[in-house]
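# Survey of secondary and tertiary structure
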Amino acid sequence: MRIIARSAAIEQQDWQQILASAIRSPEQLFAALRLPATDLSARQQAASTFPLLVPEPYLRKMEPGNPDDPLLRQVMPDAEELVAMPGYVTDPLGEQQANVTPGIVHKYNGRLLLLAATGCAVNCRYCFRRHFDYTDNRLSRRQWQTALDYVRDDPSISEVILSGGDPLMLKDDALDELLEAIGHISHVRRLRIHTRLPVVIPQRLTDHLIQQLSASHLSISLVLHINHPNELDALFRQYIQPLRQAGITLLNQSVLLNGVNNRVDTLVNLSQSLFDAGILPYYLHLLDPVTGTHHFDNPEQEALALYRQLHQQLPGYLLPRLVREEAGKAGKSLILMDDNF
Ligand code: SF4
């Protein structure tokens, strides 16, 4: 395995220090982008239930002075979050019910989620877990054993999906320990890591992390959550390249978000930019109806109309599958086009 050498200036930046100095209030975010502070009271109220968190590398991808920046919209608390809308609930995917033991969400056959960390490096306003009760899922390293025992006791599990929060919030030594323990469970063949951390703090992709992932005998894929082509800046591409060269499978899933990426040209650009960076787009999710997120939603018929145009403009391998997740179903539901489009 070959790890590409990075410049000394880049190497010196520590992802935890970057996270520690992240922006944590609407006032700070407005000031950093040289924007007038509008609707401050409502934004502060929204942030009091789901805090604002924006690390500096993500801030840098936004356009100063643009209140409609698609990345800003993903992270700036909004008065709409305070509006109760019928049909929007705190747990639309029934995850609390599938939380079979602390740290484990088991919804699908043959695979399960291990909630490796409860925090994230960015708080996305549309997050489907923004109301998830992490109280019983905040595991110490010692308590991981209970979750790992659950995996060990079910020989039908061939894939473990590290989720959270964001599993890359674990420090390298903790992640090493977890990878090793999962690697010792004979029926687990694949490990999937769902993360947005490399998008918001690319420096999280340390050489140590890449070496550990590539050294595992498990078949490992990293699923990035990238919603807009502006998220794929030069720093991100620089950090993702060694991961790609180390043979880690890189996939992406996006959420279709009103005011962020619900345009054909944006989604075409996103798929093409992902592929240029060595990442395959595989899911385009309809928004989960979570309380406080209705302003990001796109009605299904509008999503389908958009998807038909995407289908006409992209080769099949760059066309993500349009899906919705529903409580109680054994997998994602495909949203299908009719034959006459
Ligand atoms: S990174 Fe994922 S889990 Fe974390 S806030 Fe964003 S959408 Fe939610």
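Look above for the structure.
What you see is a predicted model; the values in this text were computed from it and never measured.

## Topic: the pairing of strand E8 (residues 321-324)
Pairing analysis gives three bridges linking strand E7 (residues 280-285) to E8, with the strands arranged parallel. By the bridge assignment, Tyr283 is partnered in E8 with Arg321. Judged from the two bridges that link them, E8 and strand E9 (residues 333-334) form a sheet pairing that is antiparallel. Within E9, the residue paired with Val323 across the bridge is Leu334.

## Points about the side chain of Thr101
Mapped onto the fold, Thr101 is located in the loop between helix H7 (95-98) and strand E1 (104-108). Classification of Thr101 as buried rests on a relative accessible area of 16%.

## Thoughts on the site of the ligand
Taken together, the neighbourhood of the ligand is formed by Cys120, Val122, Asn123, Cys124, Cys127 and Arg196. In terms of residue class, the shell around the ligand is built from four nonpolar, one polar and one charged.

## Observations concerning the pairing of strand E2 (residues 111-115)
The buried count for E2 comes to four of five residues, which makes it a mostly enclosed element. Relative to E2, E1 runs antiparallel, the two being bridged by three bridges. Bridge pairing links Tyr108 to Arg111 in E2. Bridge count between E2 and strand E3 (residues 159-163): five bridges; the pairing is parallel. Bridge pairing in E3 links Leu115 to Ser163. On the question of chirality, the crossover connecting E2 to the parallel E3 by way of helix H8 (residues 144-152) is right-handed.

## Structural notes on the layout of surface pockets
Taken as a whole, the largest pocket holds about 1000 Å³ of empty space. Surrounding the largest pocket, 48 residues form its lining, Cys127, Phe128, Arg129, Ser163 and His225 being those nearest its centre. Among the secondary structure elements, those contributing two or more residues to the lining of the largest pocket are E1, E2, E3, strand E4 (190-195), helix H10 (197-200), strand E6 (249-255) and E7. Split by domain, the lining of the largest pocket shows at least three residues from each of two domains, domain 1 (8-82) and domain 2 (95-334). Put simply, the second largest pocket is a space of about 230 Å³. As for the second largest pocket, its lining consists of 15 residues, and the residues nearest its centre are Arg43, Pro67, Leu72, Met76 and Asp78.

## Quick notes on a nonpolar patch on the surface
A surface patch of nonpolar side chains, about 290 Å² in accessible area, is lined by Phe275, Leu280 and Tyr317. You can see Leu280 is positioned in strand E7.

## Observations concerning the nonpolar core
Among the nonpolar cores identified, the biggest contains 92 residues, and Leu29, Val160, Leu162, Ile182 and Ile279 are the most heavily contacted of them. Ranked by the residues each element gives to this core, the list is headed by helix H9 (residues 172-183), at six residues. If you count residues domain by domain, this core takes at least three from each of domain 1 (8-82) and domain 2 (95-334). Among all residues touching Ile279, those that are not within four sequence positions of it are Leu224, Ile226, Leu232, Phe236, Ile240, Leu250, Leu251, Asn252 and Leu274.

## Regarding the pattern of salt bridges
Using the criterion set out here, one finds 19 salt bridges in the structure. Arg129 is paired through a salt bridge with Glu95; the nearest N and O atoms lie 2.7 Å apart. Within this pair, whereas Arg129 is found in the loop between E2 and H8, its partner Glu95 is found in helix H7, the two being separated by 34 residues in sequence. In this structure Arg129 comes out as buried when scored by relative accessible area, which is 5%. A salt bridge links Asp172 to Arg204, with the nearest nitrogen and oxygen atoms 2.9 Å apart. With Asp172 in helix H9 and Arg204 in the loop between H10 and helix H11 (207-215), this pair connects stretches of sequence that are 32 residues apart. Comparing Asp172 with Arg204 shows no difference in burial state: the two are buried. A network of salt bridges, in which partner residues are shared, links Glu95, Lys107, Arg129, Glu325 and Lys332.

The rules we used
- Residues numbered from 1 in each chain as written.
- Predicted model: local features only at pLDDT ≥ 70, side-chain atom pairs only at ≥ 80, totals over all residues.
- Heavy atoms only, no water.
- Pairing = 2+ DSSP bridges.
- Helix = DSSP H or I, 4+ residues; strand = E, 2+ residues; numbered from the N terminus.
- Buried < 20%, exposed > 50% of the residue type's maximum accessible area, 1.4 Å probe, protein only.
- Near = heavy atom within 4 Å.
- Nonpolar A, V, L, I, M, F, W, Y, C, P; charged D, E, K, R; others polar.
- Right-handed = clockwise from strand over helix to strand, strands pointing away.
- 1 Å grid on protein atoms, 1.4 Å probe; cavity = no way out; pocket = protein on both sides within 12 Å on 5 of 7 lines; lining within 4 Å.
- Points joined across faces, edges and corners; volume = space filled by probe spheres on them.
- Domains from an automatic or database assignment.
- Patch = residues over 30% accessible without salt bridge, like charges linked within 9 Å, V, L, I, M, F, W, Y side chains within 5 Å.
- Areas by Shrake-Rupley, 256 points an atom, 1.4 Å probe, with all protein chains shown as cover.
- Salt bridge = Lys/Arg side-chain N within 4 Å of Asp/Glu carboxyl O.
- Core = buried A, V, L, I, M, F, W, Y, C linked by side-chain atoms within 4.5 Å.
- Contact = heavy atoms within 4.5 Å.

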